[in-house]
Amino acid sequence: MKQSVNSLLAKHSSLQQLLSAGFLYLDELEDVTPVELSKETKLSLEESLHIIEEVRKQNRNNIQTELSSPELKSTDAILPTNKTVSQSVSSLELFWREQEHTGITTGSKELDEMLGEGVPLGKMTEICGVPGIGKSQLAFQLCINSCLDRAAGAVLIDTEGSFVVQRAKQIADAVCVENTSTRDIRGVDLSIMTSQSILSRIHYFRCQDVVQLVCVVNTLDEFISEKRSEGNLIKLVVIDSIAFPFRMELQDMRVRSRILHTLSQTLMELTQKYGIGIVLTNQMTSRQSGKEPVGRMHQVPALGETWAHIPTIRLILQWSGPVRTARLTKSPTHMEKVVSYEITERGVSDLIGKIGSKRGLESSEHTSDTKKFKQNK
Amino acid sequence: MSGSDRLTGGEPIKIVADSLIQTEIIQQLNSAGITDIKDIILGSIPDIARRSRLSESELRRIRHSLSKRVSLNCNLGISLSLLTPSSTLQNKLSTGSACLDSVLGGGIIYPGLVEIAGESGAGKTQLCLQLAISTQLPVEMNGVGSDRSIAYICTEDHFPSMRFKELVEARSALLYKHRQVPVDKSLFEEFSDRVYIEKADTSSGLEHYLNRWIPKLAAEKKLGIVIVDSIAGALRDEFMVNTNSLRTETLWRIAKLLRSISFNYNIPVVCTNQVTANIDNSDLSSRGPNKAALGLIWSNVLNERYVLCKREVLKFDIDESECSTTTERLFSVELSSHLPNITYSYVINAKGIKLV
């Protein structure tokens, strides 16, 4: 029996385009190359490539089911493929190997020490802070730093639309330069590591709303095991930010908490199965302490008290005058502490040359900035 | 489940799940009142099982295949290396001022919600007018497109059409080069014909225009940019009268509308905002002497914020032993995920904003 193009796992609009270009059945797509398909259907090359891959997958499945039991054919297409099971068993070994490396460096030594050895694997870490304090910057940095291990990669889920790839490249370039010239992390030869090879191991999802975020998280298990079978050991999953879509769409706290809870359970399962680290960024919200109108406003992490129990580690980023500081407020192993850090063109780093007076610091920051501008010009 | 009904958007299961799920199962779900994919994705499985009389494992399977299909719309986990060097994620809109563009890496980034904050007379409207002109340039010139129209929502003042005319004329050399102007029209006529202006002085008025007028413009006139000058002006009544929680709800609703306009139509959305004095240092969200109005929630929804600052500087002239004041204007990037927090001084001349 011929299978309709409609049974493909692809965007609805793409299927429409396929149909209107005259591709009705799967076997018509078997010998087509992505470039040809893209020309015929006016689909993007990326999408065409995806469709061809799906056709091949489906064909393999069909052959297998025909061999075993033909009547299962229709349901087989919607089952997650079980082929990766043997591979994920062998990844247990890799899991233990990864456990030897205890964390992902933040780029700042002081911050790493406060957390133990960077952001830990196998746990969920939450980074909270006001807009502009550097949550996203730290998130990009962690994705890039997790790729310093040549076999490792990261998944970045962007819910705010704030990710700019040029900035990631800038940080990745700086990481390459720094690591070739000065030190050698974990004895790995970094001399030929390029920013392009780092960026190729970071996978980007853009989610517009809660539904998309939940769907992407639901399919992460499959995605990670697929990437592992291709030799990219995903080590870190970053969601930047978890708060934004939930606060924007779900005003009903009960519904919000229930969905957040299910989502975090799915993520926790991933940390256990693959030993990966999860980093979530969270916004801050104003809370009044005491009664109106005398109560003073202060800032607390968003998403409420129930959520606060879920992440294992909570880091709050704050301004202290002109200085960026990070406070560890929740950790199973380390004490509450405050350290300062800096964000430059090269990414997250220690605060260099601590100057006592705020004034001095401000002016030195200013002059270095104008210098940079002149260089740019 | 009733709570999640408040989610907007979503698509019927029937359309998304076409051929993924058997028709009978979809009918069974629909007759139990579960028609939207978000009901399956976000609902609780035991609850849906009870209502639809489907088994939980069956529902988990359905959720999984729906998740897979929906996640195909989220960039497929593409490798970042495939997005460089010419990023397909964002575009740049020129500010119409070459030095400002070079500082911003080509212009303001879109899609995204961009705010220009500053005190009155600092040049916020000026910058908006410049953006309205460059929107109509071709994409190669960092415009949005030469046939694009502009939605300009004024909340405080009238649209300064005289100044707009001056600006167009001051840039005529450049504009003529990149735009074919019909013989029977002047350059100003050509550039101002696509600027559609509405006045909204309440939050409900603003919501109305965003809900009804913008989609119509987008459908009929090829919308290129939405400018709200200023957002604080539209929300002033809200902030005077309403209680805290109502205010918050309105703010989220408007933010959601503005953001979805930007991301759905892939165009820039620019708001201007007022500033208030940063009296108590308890607000750690801002470092400057002034902070933008509307508080923390509003700051959270922005993708970028630029601050324009104008201040009088007292100068003492030794020769004449006299004090004189000059105006110093500063442009700074306060919120951005790709630009450093930098400050430059600028002047405003006939051609617009110029960094010095």
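These figures come from a predicted structure and were not determined experimentally.

Digging into the overall build of chain B
In step 1: A tally of regular secondary structure across chain B gives 14 helices and 14 strands.
In step 2: Its C-alpha atoms put chain B at 90 × 55 × 40 Å along the principal axes.
In step 3: A buried classification covers 54% of the 356 residues belonging to chain B.
In step 4: A separation of at least 24 residues holds for 65% of the contacts in chain B among residues at least 6 apart in sequence.
In step 5: Summed over all atoms, the accessible surface of chain B reaches about 15600 Å², with 50% contributed by carbon and sulfur.
In step 6: Averaged over its 40 positive side-chain charges, chain B has a centre that lies 6 Å from the centre of its 40 negative ones.

Digging into the environment of G205(B)
In step 1: With respect to the helices and strands, the residue G205(B) is situated in helix α11 (residues 203-221).
In step 2: Taking C-alpha positions, G205(B) is 9.5 Å from T155(B), a pair spaced 50 residues apart along the chain.

Some points on the nonpolar core
In step 1: Counting 57 residues, the largest nonpolar core has I157(A), L213(A), V237(A), I242(A), F246(A), L267(A) and L29(B) as the members making the most contacts within it.
In step 2: The greatest single-element share of this core, amounting to 10 residues, is contributed by helix α10 (residues 210-229) of chain A.
In step 3: Not counting the four nearest positions on each side in its chain, V237(A) is found in contact with V155(A), I157(A), L220(A), I224(A), I276(A), G277(A), I278(A) and V279(A).
In step 4: Counting residues in hydrophobic clusters, the runner-up holds 52 residues, among them I144(A), A326(A), V339(A) and L296(B).

Here we look at helix α12 (residues 253-274) of chain A
Residue and element names in this part refer to chain A.
In step 1: Along its 22 residues, α12 runs 31 Å from first to last C-alpha, staying within 8% of the 32 Å computed at 1.5 Å per residue.
In step 2: Its side-chain oxygen placed 3.0 Å from the backbone nitrogen of R254, D252 serves as the N-cap of α12.
In step 3: Positive phi shows up at G275, right after α12, with a value of about 65°.

Considerations on the sheet that holds strand β7 (residues 223-229) of chain B
Residues and elements named next belong to chain B.
In step 1: The nine strands lie next to each other as β6-β5-β7-β8-β4-β11-β12-β13-β14, forming an open sheet whose pairing is mixed. Lying at the two open borders of the sheet, with one neighbouring strand each, are β6 (195-199) and β14 (352-355). Across the sheet, the axes of successive neighbouring strands diverge by a mean angle of 25°, strand direction being ignored.
In step 2: Two strands pair when backbone bridges link them, and strand β4 (residues 112-118) and strand β11 (residues 304-317) are joined in this way by five bridges, in the parallel orientation. Among the inter-strand pairings, E115 is bridged to a residue of β11, identified as R305.

So, the packing of helix α7 (residues 124-135) of chain B against helix α8 (residues 161-170) of chain B
All names here are of chain B.
In step 1: Contact pair α7 / α8: the axes reach a minimum separation of 10 Å and the direction vectors enclose 55°. Our classification of the angle between α7 and α8 gives oblique. You can see that α7 and α8 cross each other, and the crossing is right-handed. Side by side, α7 and α8 meet where Q126, L129, Q130, A132 and I133 of the first sit next to R163, F164, L167 and V168 of the second.

A few points about the interface of chain A and chain B
In step 1: In this complex, chain A contributes 77 residues to the contact, which on the side of chain B involves 67 residues.
In step 2: Regarding the contact of chain A and chain B, the summed buried area is about 6800 Å², with carbon and sulfur atoms giving 60% of it.
In step 3: For the interface between chain A and chain B, the tally reads one salt bridge.
In step 4: The residue E222(A) makes a salt bridge to K68(B) at a minimum N-O spacing of 2.9 Å.
In step 5: Between chain A and chain B we count 21 residue pairs in polar contact (both at pLDDT 80 or more) in total.
In step 6: No other element matches α10(A), which puts 10 residues into the side of chain A that touches chain B.

Overview of the pairing of β14(B)
Residue and element names in this part refer to chain B.
In step 1: Here strand β13 (residues 343-349) runs beside β14; their pairing, made up of four bridges, is antiparallel. Opposite N349, over in β14, you have G352 as the bridge partner.
In step 2: The turn linking β13 back onto β14 is made up of two residues.

Considerations on the pattern of salt bridges
In step 1: Summed over the entire model, instances satisfying the criterion amount to 23 salt bridges over all chains.
In step 2: For the salt bridge of K273(A) with D221(A), the shortest nitrogen-to-oxygen distance reads 3.1 Å. Here K273(A), found in helix α12, pairs with D221(A), found in helix α10; they are 52 residues apart in sequence, far enough to count as distant.
In step 3: With relative accessibility at 41%, the residue K273(A) sits in the partly exposed group.
In step 4: In this structure, K38(B) engages D36(B) in a salt bridge whose closest nitrogen and oxygen atoms are separated by 3.9 Å. D36(B) carries the same exposure label as K38(B), and that label is buried.
In step 5: Salt bridges sharing partners connect three or more residues here, namely K185(B), E190(B), D193(B) and R194(B).

Describing the pairing of β4(B)
Residue and element names in this part refer to chain B.
In step 1: Across the seven residues of β4, seven count as buried, placing the element largely inside the fold.
In step 2: Of the two faces of β4, the one lined by G112, V114, I116 and G118 and the one lined by L113, E115 and A117 are each fully buried.
In step 3: Looking at chain direction, β4 and strand β8 (residues 268-273) are connected through six bridges and run parallel. If you follow E115 over to β8, its bridge partner there is C271.

Points about the environment of K109(A)
All names here are of chain A.
In step 1: Tracing the sequence through the fold places K109 in helix α6 (residues 109-115).
In step 2: The exposure class of K109 is exposed, given its relative accessible area of 58%.
In step 3: On a C-alpha basis, the gap between K109 and Y341 in space is 9.1 Å, while along the polypeptide they are 232 residues apart.

Points about the sheet that holds strand β12 (residues 337-344) of chain A
Strand pairing in a sheet is mediated by backbone hydrogen bonds. Such pairs are either parallel or antiparallel.
In step 1: Taken together, 10 strands build an open sheet; the order of strands is β13(A)-β12(A)-β11(A)-β10(A)-β3(A)-β7(A)-β6(A)-β4(A)-β5(A)-β1(B) and the sheet is mixed. For this open sheet the edge positions go to β13 (347-350) of chain A together with β1 (78-79) of chain B, each flanked by a neighbour on one side alone.
In step 2: Here seven bridges tie strand β4 (residues 152-158) of chain A to strand β6 (residues 233-240) of chain A, and the two strands are oriented parallel to one another. Bridge pairing in β6(A) places V155(A) opposite V237(A).
In step 3: Helix α7 (residues 135-146) of chain A contacts β3 (124-129), β4, β5 (202-206), β6, β7 (277-282), β10 (313-320), β12 and β13 of chain A of the sheet and is inclined by roughly 175° relative to β6(A).

Quick word on the side chain of R305(B)
All names here are of chain B.
In step 1: Positionally, R305 belongs in strand β11.
In step 2: Of the residues examined, R305 reaches a relative accessible area of 3% and is grouped as buried.
In step 3: A polar atom in the side chain of R305 sits 3.3 Å from the side chain of S299.
In step 4: Aside from chain neighbours lying at most four places away, what touches R305 is E115, N273, A292, W298, S299, S332, V333, E334 and L335.

Comments concerning unusual backbone geometry
In step 1: Here the bond from D240(A) into S241(A) is cis, since omega is -5°, no more than 30 degrees from zero.
In step 2: Mapped onto the fold, S241(A) is located in the loop between β6 and α11 (243-249).
In step 3: Note the cis peptide between Y110(B) and P111(B), where omega equals 5°.
In step 4: Take P111(B): it is sitting in the loop between β3 (108-110) and β4.
In step 5: Phi angles above zero are rare outside glycine, and N75(B) is one such case at about 70°.
In step 6: In this fold, N75(B) is placed in the loop between α5 (56-71) and β1.

Criteria and cut-off values
Residues numbered from 1 in each chain as written. Chains lettered and ligands numbered in written order. Predicted model: local features only at pLDDT ≥ 70, side-chain atom pairs only at ≥ 80, totals over all residues. Heavy atoms only, no water. Helix = DSSP H or I, 4+ residues; strand = E, 2+ residues; numbered from the N terminus. Buried < 20%, exposed > 50% of the residue type's maximum accessible area, 1.4 Å probe, protein only. Contact = heavy atoms within 4.5 Å. Areas by Shrake-Rupley, 256 points an atom, 1.4 Å probe, with all protein chains shown as cover. Lys, Arg positive; Asp, Glu negative; His and termini not counted. Charge placed at Lys NZ, Arg CZ, Asp CG, Glu CD. Core = buried A, V, L, I, M, F, W, Y, C linked by side-chain atoms within 4.5 Å. Expected span 1.5 Å × (residues − 1). Polar contact = N/O pair within 3.5 Å; in protein donor to acceptor, adjacent residues only side chain to side chain. Pairing = 2+ DSSP bridges. Axes fitted to C-alpha atoms, helices over the stretch in contact; angles between N-to-C directions. Parallel < 35°, antiparallel > 145°, perpendicular 65-115°, else oblique. Left-handed = near helix turned anticlockwise from the far one by under 90°. Buried area = accessible area lost by both parts, 1.4 Å probe. Salt bridge = Lys/Arg side-chain N within 4 Å of Asp/Glu carboxyl O.

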